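# Analysis of the macromolecular model
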Amino acid sequence: MERFFWHFRAAVQERAAIHEVRSEVHDEIGTGGKRFSARQRELVDWQQRDFVPAIGGIVGGCSSIALMRRLGVMAKSPRFMIVVPALPFYIVPYQVFYYAREAEFLVEMMREDKSSKFAQKLRASFEAGCSKKASAVMEELEAGSEID
């Protein structure tokens, strides 16, 4: 759980730099992903199949509907109207999980910078977009071991 909060904090605090890396990765995916290493291709596949944000949103939305029904919120309204206030309880958890998981994906895409030229380019893009010198993501990348 600590890693989840670390990734979410990185996604919020360093969003400009994360946006630069996201743009590079999406551009490369759009051109076919020929510059990806084998591990980066696996990461892209993992990220595209990631159901955690959707499940988090569904759990948040459904549990809010159950709680609102139990508390009698909108009891005199038509039954389908309970969905209207439940939408934020779906959207907010979905967005939190989405940005945390995307930050995890992008940090892992930058991790193998010694063996992959594309990872070096991603890291350079991150450094260019990073607004502060003491970046938690940069510390993580420098402290992390090279993954083969």
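Whatever comes next refers back to the structure up there.
Note that the coordinates shown come from a computational prediction; the quantities given were computed from them, not determined experimentally. (Residues numbered from 1 in each chain as written. Predicted model: local features only at pLDDT ≥ 70, side-chain atom pairs only at ≥ 80, totals over all residues. Heavy atoms only, no water.)

## Quick look at the overall build of the chain
- When helices and strands are counted, the chain shows seven helices and zero strands.
- Taken over C-alpha atoms, the radius of gyration comes to 19 Å for the chain, far larger than the 15 Å a tight globule of 148 residues would show.
- Taken along the three principal axes of its C-alpha coordinates, the chain extends 60 × 35 × 25 Å.
- Counting all 148 residues of the chain, 36% fall into the buried class.
- Here the chain displays about 9,200 Å² of accessible surface, and carbon together with sulfur accounts for 60% of that area.
- In the chain, which carries 21 positive and 20 negative side-chain charges, the distance between the mean positions of the two groups comes to 9 Å. (Helix = DSSP H or I, 4+ residues; strand = E, 2+ residues; numbered from the N terminus. Rg over C-alpha atoms; globule rule 2.2 N^0.38 Å. Buried < 20%, exposed > 50% of the residue type's maximum accessible area, 1.4 Å probe, protein only. Areas by Shrake-Rupley, 256 points an atom, 1.4 Å probe, with all protein chains shown as cover. Lys, Arg positive; Asp, Glu negative; His and termini not counted. Charge placed at Lys NZ, Arg CZ, Asp CG, Glu CD.)

## Some details on the side chain of E14
- Tracing the chain through its elements places E14 in the loop between α1 (2–13) and α2 (15–30).
- Only 3.3 Å separates the side chain of E14 from the backbone nitrogen of A136, close enough to count as a polar contact. (Polar contact = N/O pair within 3.5 Å; in protein donor to acceptor, adjacent residues only side chain to side chain.)

## Details of a nonpolar patch on the surface
- A grouping of I58, V83, L87, Y90 and I91 is seen on the molecular surface, where their side chains present a nonpolar patch of about 420 Å² in accessible area.
- A total of four residues in the nonpolar patch trace back to one element, the largest contributor, which is helix α5 (residues 83–111).
- Within the secondary structure layout, I58 lies in helix α4 (residues 52–71).
- I58 gets classed as partly exposed once you look at its relative accessible area, which sits at 47%. (Patch = residues over 30% accessible without salt bridge, like charges linked within 9 Å, V, L, I, M, F, W, Y side chains within 5 Å. Salt bridge = Lys/Arg side-chain N within 4 Å of Asp/Glu carboxyl O.)

## Some details on the packing of aromatic side chains
- Per the counting criterion, the structure on display carries six aromatic pairs.
- On the numbers, 5.2 Å between centres and 80° between planes, the contact of Y98 with Y99 is edge-to-face.
- With relative accessibility at 35%, the residue Y99 sits in the partly exposed group.
- One aromatic cluster is present, built from ring pairs that chain together Y90, Y94, Y98 and Y99.
- Against the face of W6 rests R3, its NZ or CZ located 4.9 Å from the ring centre. (Phe/Tyr/Trp six-rings, centres within 6.5 Å; stacked < 30°, edge-to-face > 60°. Lys NZ or Arg CZ within 6 Å of the ring centre and 35° of its normal.)

## Side note on the pattern of salt bridges
- Across all of its chains, the model carries 11 salt bridges by this definition.
- Of the charged contacts in the structure, one is a salt bridge between D45 and R49, with a shortest N-O distance of 2.8 Å.
- Here R49 falls in the exposed class, since its relative accessible area comes to 57%.
- The partner of E140 in a salt bridge is R111, and the shortest N-O contact between them spans 3.1 Å. Of the two residues, E140 is situated in helix α7 (residues 136–143) and R111 in helix α5; the sequence distance between them amounts to 29 residues.
- For E140, a relative accessible area of 22% puts it in the partly exposed group.
- The class of R111 is buried, set by a relative accessible area of 6%.

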